[in-house]
Amino acid sequence: MSDEKKPQERVGVYVCHCGTNIAGVVNVAEVSEWAGREMAKEGVVVARDYKFMCSSLGQELIQKDIKEHGLTRVVVAACSPHLHEKTFRTACNGGGLNPYLCELVSIREQVSWVHTDKSAATEKAKAIVAGGVRRVVHHEPLEPLHVPIHPATLVVGGGIAGIQAALEIAEAGYPVYLVEREPTIGGHMAQFDKTFPTLDCSACILTPKMVDAGNHPNITLLTYSEVEKVDGYVGNFVVTIRKRARSVNEELCTGCGICWEKCPKKVIDDKFEAGLGYRKAVYVPFPQAVPKYPVIDRENCTYYQKGTCKACEKFCPTGAIDFAQEDQVMTVEVGNILLATGWQLFDARKIPNYGYGRLANVFTSLEFERLSNAAGPTGGNIVLRDGKTVPKSVAIVHCVGSRDKNYNNYCSAICCMQSLKFAHLVKEKTGATVYNFYIDIRTPGKGYDEFYQRLIEEGTLFVRGKVAEITDAARNPGEEGKLIVQVEDTLVGKQRRIPVDMVILSAGLEPQPDAKEVAKKFGISCSADGFYIERHPKLDPVATMTEGIYLAGCVQGPKDIPSSVAQGAAAAARIVGKIQQKEIALEPVRATVNQEQCSGCRICNNLCPFNAILFHEDRMVSEVNPALCQGCGTCVAACPAGAISGTGFSNEQILSQIEGLLMLNLSSKEAAAA
């Protein structure tokens, strides 16, 4: 830029102290003064620093300068745009400036938080500000994209989080499709006996919710179903759902139970009874199942395997059995989607030194839930695998598969309280001696620590140390016929061998086995642990980076029942708020295709992670659907013809920002001519 040619734009630069977050490392006043002096030729007419730019006073300062100095562009040097870009865009809009003529550059995450050399950090901050100024003069005023919101919502997963969310949305008067892959809603909570810390009956508090969801006029229950495909965008999703054949006509079935009473085929129930009990080939998972209709397990049904039997059909009084029934594929339109697909239990067989699957009386936490449940295979009697011997000593091992670098590094959140609950139930029902082997006791919830103190008073024995091995190899008198827990007691500093009759492994929570495939289907991301990534871990834990897709329950990370219910309700509130707006304003930062330059190579079509690019066979050109596009830039970078440009990220803007970042390496005269 020559000295004679004055810039048309009038730029204001605002440098935030962020308390001491930035000012503790960066000389903020020096950066501000430098910008006002050295960047004047670039169009800077105002340069200020302020302690908290994001405060209402900081925003008012920007608005005042826009009006008094006629600012046409604003650069704010503060924290990550991910956190406060919307704040400063709103401030500019309040001052009468198009919000997209504001550029937020990060000198906190990219400078003060990653440097200790104050001089170098200050120089880097100047370069980043220079880049922002060079870039912002090429910004163009943009307007948000407005799309209508369909009032229906899809809730995927019928556990307690999904049920709560579905009921909240339905109670607000909007239609909900509740999809569950199992024959009944209820999820894992339906398997539990008691819930901590109040020890109220799990079924007693869950079943009314299930019945409400099953009977609500605004909820369409789609059990034994799975989502196959998701098309569209926020406000206008088109979802393909496969409703698997139950081999039972739901319109004729009354749920009388004669079919499973007469069915001669028994199979081990690996799902609901965790392998401890049996069910028939035609079955409902448990008596309170919603809906009440049974399903025929085709893999184990004698008719489907051999073509004989048909006992259920012969005895059904309403003729509801339909062996020829086929899967139904249906398409629904929804405005928002909530994922609440839950968790699976860590496979304790992966830790062979704990003996699960090899030593008969080593149980998992889910198996113990069914043992202690009055509706379980033993009628609530806590017994060994022989079905009759009551244990006199029980070991409960915490953190199995959790807080372990060999398996899952994270804490599963519920294991401590679950183990304390087990200890109470064992004491209450058998009077046995109970040992809890723990690494750390974590009881942060409401009433949780009081429950822990109660267990201490009840006489539960606590041994601090990670269990090394569980074996049946006796070494000492009194160990014959017992399971021996080998552990280092870190509180007394010695190895201990403790013989017991039963061991309960408090296994951790893991994502569903198909979590990554489901994430890809819905256009969202998984963390390294496999749980779905939220938009912001603190400020927005229910939304995802894909607009219109929300999370609730253990799909986002391990959590207990109260937290799952709260998150389900929170997600529902967000969805209802969107529906009530009737339309949503989307970011206008989107990719566009110059169809005159497009060669029709279709490289971009296959790379787009949001399936936002259409190909017109008749014209042999690609086109971006702006409602689906998230502005990630993948297609822009990949296009060999350079036919795709990203709004807000044009070549001119990016190259100008790079020139600004390198400006400090040039003399003032050279910088002005660059």
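Student: Just checking my understanding: could you explain the pattern of salt bridges for this structure?
Tutor: Counted by the stated rule, this structure contains 39 salt bridges. D540 serves as the salt-bridge partner of R535, at 3.7 Å between the closest nitrogen and oxygen. Connected through salt bridges with shared partners, the residues R535, D540, E547 and R574 form a single ionic network.

Student: Hey, could you run me through the packing of aromatic side chains in this one?
Tutor: To describe a pair of aromatic rings, one takes the distance between the centres and the angle between the planes. A full pass over the atoms with the stated rule returns 11 aromatic pairs. Relative to F323, the ring of Y304 lies with its centre 5.8 Å away and its plane at 70 degrees, an arrangement referred to as edge-to-face. Here the residue Y304 occupies a position in helix α9 (residues 302-306), and F323 occupies one in the loop between α10 (311-315) and β17 (328-334), the gap between them amounting to 19 residues. The exposure class assigned to Y304 is partly exposed, which follows from its relative accessible area of 24%. Relative accessible area serves as the criterion here: at 10%, F323 is assigned to the buried category. Each ring, one from Y410 and one from F531, has its centre 5.4 Å from the other, and the planes form 75 degrees; the classification is edge-to-face. In this pair, Y410 is assigned in the loop between β21 (393-400) and α12 (415-430) and F531 in the loop between α14 (515-522) and β29 (549-551), connecting sequence segments 121 residues apart.

Student: Looking at this model, I keep getting lost on unusual backbone geometry. Mind explaining?
Tutor: Where the residue is not glycine, phi is negative for most of them; where a peptide bond is considered, it is trans in most cases. Cis geometry marks the peptide bond from F196 to P197; its omega dihedral reads -5 degrees. Relative to the helices and strands, P197 is located in the loop between β8 (194-195) and β9 (200-201). Following V290, the chain continues to P291 via a peptide bond in cis, the omega torsion being 5 degrees. Unlike most non-glycine residues, L199 shows phi in positive territory, near 60 degrees. The class of L199 is buried, set by a relative accessible area of 14%. Despite not being glycine, M620 shows a phi value in the positive range, around 55 degrees.

Student: For this particular structure, what's the right way to read the sheet that holds strand β6 (residues 153-156)?
Tutor: The strands that make up a sheet are held in pairs by hydrogen bonds between backbone atoms, and each pair lies either parallel or antiparallel. Read from one edge of the open sheet, 5 strands run β10-β7-β6-β18-β29, paired in parallel fashion. Edge positions in the sheet fall to β10 (219-223) and β29, since each of these pairs with one other strand and no more. Taking the axes of each pair of neighbouring strands and ignoring which way they run, one obtains an average angle of 20 degrees across the sheet. Where β6 lies against strand β18 (residues 336-339), 4 bridges are found, and the strand directions are parallel. Of the residues in β18, the one forming a bridge with V156 is L339.

Student: Help me understand the pairing of strand β3 (residues 73-78) in this model?
Tutor: Within a regular strand, side chains alternate between the sheet's two faces. In terms of burial, β3 is largely enclosed, as 6 of its 6 residues are buried. Every second residue of β3 is oriented toward a common face, with R73, V75 and A77 on one face and V74, V76 and A78 on the other, all of them buried. With 5 bridges connecting them, strand β1 (residues 11-16) and β3 associate as parallel partners. In the strand pairing of β3, V11 is matched with R73. In this structure, β3 lies alongside strand β4 (residues 102-106), joined through 5 bridges in parallel fashion.

Student: Would you mind showing me how to read the confidence of the model for the chain here?
Tutor: The predicted coordinates ought not to be read in detail in places where the model reports low pLDDT. Residues of the chain with pLDDT of at least 70 account for 97%, and the chain-wide mean is 93. The low-confidence segment residues 1-6, where pLDDT is below 50, has 9 contacts with residues more than four positions distant or belonging to other chains. Confidence drops under pLDDT 50 across residues 669-674; counting only partners more than four residues distant or on other chains, this segment forms 12 contacts.

Student: Explain the nonpolar core here, please?
Tutor: The tendency in soluble globular proteins is for nonpolar side chains to be buried side by side. Residues I219, L338, V426, M502 and I504 are the most contacted members of the largest nonpolar core, which totals 71 residues. Among the elements that line this core, the one with the most residues is helix α6 (residues 160-171), at 8 residues. Beyond its immediate sequence surroundings of up to four residues, V426 is in contact with F368, I382, V394, G431, A432, V434 and I504. Grouped together as the second largest cluster of nonpolar side chains are 42 residues, V15, V44, M53 and V111 included.

Student: Just checking my understanding: could you explain the domain arrangement of the chain for this structure?
Tutor: Interface extent is often summarised as the accessible area lost during association of the parts. Segmenting the chain into domains produces domain 1 (11-143), domain 2 (146-244 + 327-342 + 512-580), domain 3 (245-325) and domain 4 (345-510). Distance from the C-alpha centre of domain 1 to the C-alpha centre of domain 3: 67 Å.

Student: Explanation requested: helix α2 (residues 56-69) in the structure shown.
Tutor: Since the α-helix turns once every 3.6 residues, residues separated by three or four places project in the same direction. Here α2 contains 14 residues, and its C-alpha end-to-end distance of 20 Å stays within 8% of the 20 Å for a straight helix at 1.5 Å per residue. Taken together, the buried positions of α2 are G58, Q59, I62, D65 and I66. Taken around the axis of α2, the buried residues stretch over an arc of 120 degrees, which confines them to a single face. Seen from the open side of α2, the exposed residues pointing more than 90 degrees away from its buried face are S56, L57, K67 and E68. Those residues of α2 that are buried lie in contact with β1, β2 (44-50), β3 and α3 (81-94). Following α2 by one or two positions, G70 has its phi on the positive side, about 60 degrees.

Student: I'm lost on a nonpolar patch on the surface in this one. Help?
Tutor: Together, F649, I654, L655, I658, L661 and L662 make up a nonpolar patch on the protein surface, roughly 520 Å² of accessible area in all. Following the sequence through the fold, L661 ends up in helix α18 (residues 651-661). Of the residues examined, L661 reaches a relative accessible area of 37% and is grouped as partly exposed.

Student: Explanation requested: the side chain of D297 in the structure shown.
Tutor: Following the sequence through the fold, D297 ends up in the loop between β16 (295-296) and α9. Taking relative accessible area as the criterion, D297 reaches 11% and is therefore assigned buried.

Student: How do you make sense of helix α15 (residues 561-581) when you look at a structure like this?
Tutor: For α15, built from 21 residues, the straight-helix expectation of 30 Å at 1.5 Å per residue is met to within 8% by its first-to-last C-alpha distance of 31 Å. All of the buried residues in α15 are S564, Q567, G568, A571, A572, I575, V576, K578 and I579. Those residues of α15 that are buried lie in contact with β6, α6, β18, β29 and β30 (583-586). Backbone geometry just after α15 places K582 at a positive phi near 70 degrees.

Student: Which parts of the structure should I look at to understand the sheet that holds strand β22 (residues 433-438)?
Tutor: Pairing within the open sheet is parallel, and its 5 strands lie in the order β20-β27-β21-β22-β23. With one partner strand each, in any of the chains shown, β20 (362-364) and β23 (461-464) form the two edges of the open sheet. Taken pair by pair, the neighbouring strands of this sheet meet at an average axis angle of 20 degrees, ignoring direction. Pairing geometry for β21 and strand β27 (residues 502-507), over 5 bridges, is parallel. Bridged to I396 within β27 is I504.

Cut-offs applied
Residues numbered from 1 in each chain as written. Predicted model: local features only at pLDDT ≥ 70, side-chain atom pairs only at ≥ 80, totals over all residues. Heavy atoms only, no water. Salt bridge = Lys/Arg side-chain N within 4 Å of Asp/Glu carboxyl O. Phe/Tyr/Trp six-rings, centres within 6.5 Å; stacked < 30°, edge-to-face > 60°. Helix = DSSP H or I, 4+ residues; strand = E, 2+ residues; numbered from the N terminus. Buried < 20%, exposed > 50% of the residue type's maximum accessible area, 1.4 Å probe, protein only. Pairing = 2+ DSSP bridges. Axes fitted to C-alpha atoms, helices over the stretch in contact; angles between N-to-C directions. pLDDT = per-residue confidence, 0-100. Contact = heavy atoms within 4.5 Å. Core = buried A, V, L, I, M, F, W, Y, C linked by side-chain atoms within 4.5 Å. Domains from an automatic or database assignment. Expected span 1.5 Å × (residues − 1). Arc of directions from axis to C-beta. Patch = residues over 30% accessible without salt bridge, like charges linked within 9 Å, V, L, I, M, F, W, Y side chains within 5 Å. Areas by Shrake-Rupley, 256 points an atom, 1.4 Å probe, with all protein chains shown as cover.

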